[in-house]
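Next come the chains, spelled out residue by residue.
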Amino acid sequence: MCLFCKIVKKEIPSNIILENDDFLAFHDINPKAPVHILAIPKVHVDSFNEIDPQMMSKMSAFIQDIAKECKIEKSGYRVITNIGENGGQEVAHLHFHVLGGAKLKWGHFSDADPEGHF
Ligand code: 5GP
Ligand code: ZN
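Cut-offs applied
- Residues numbered from 1 in each chain as written.
- Chains lettered and ligands numbered in written order.
- Predicted model: local features only at pLDDT ≥ 70, side-chain atom pairs only at ≥ 80, totals over all residues.
- Heavy atoms only, no water.
- Donors = N, O, S within 2.8 Å, 3.2 Å for Na, K, Ca; no water.
- Tetrahedral: all angles 85-135°; square planar, octahedral: opposite > 155°, others 65-115°.
- Helix = DSSP H or I, 4+ residues; strand = E, 2+ residues; numbered from the N terminus.
- Buried < 20%, exposed > 50% of the residue type's maximum accessible area, 1.4 Å probe, protein only.

In this section: the coordination of the zinc ion (ligand 2). The protein atoms donating to the zinc ion (ligand 2) are Cys2 (SG), Cys5 (SG), His44 (ND1) and His93 (ND1), with metal-donor distances spanning 2.0 to 2.3 Å. Bound by four donor atoms, the zinc ion (ligand 2) shows angles of 102 to 119° at the metal and therefore tetrahedral coordination geometry. In the primary sequence, the donor residues of the zinc ion (ligand 2) line up as C-x2-C-x38-H-x48-H. A residue pair is termed long-range when its members are at least 10 positions apart, and Cys5 in helix α1 (residues 3-8) and His44 in the loop between β3 (35-41) and α2 (53-69) qualify at 39 residues. We classify Cys5 as buried; its relative accessible area is 13%. For His44, a relative accessible area of 38% corresponds to the partly exposed category.

Bear in mind that shape data such as this cannot, by itself, settle questions of function.
Now the structure itself:
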């Protein structure tokens, strides 16, 4: 069973902020902003590649609820999902990072030549 499935089953403790039948939201263990929440489906989905449109629409509403719960919906925030090796995904259970609470920087993503890919 993967790490986040264990968090869903409460076999591993987490600091939960919001939960419904389908999704769970909890604090990231290594926060990269004053607010850093992870939103996950309770069923195991490997990554964004496998999410179906019905789940994605419910996930969108859930993420909006997280922003309200954390009182960052007006000040602004960022939603990120890393996919696969190049995307930097470390936990192979779909999760959306919800980051806010301060002005976020726009990062340096790659040293690779942007001309090279296509
Ligand atoms: P990824 O790199 O896969 O997009 O993000 C994985 C995230 O999960 C990281 O930000 C990491 O800090 C977080 N994380 C890893 N293990 C745990 C854990 O056991 N508990 C919590 N709450 N977060 C975790
Ligand atoms: Zn899982």
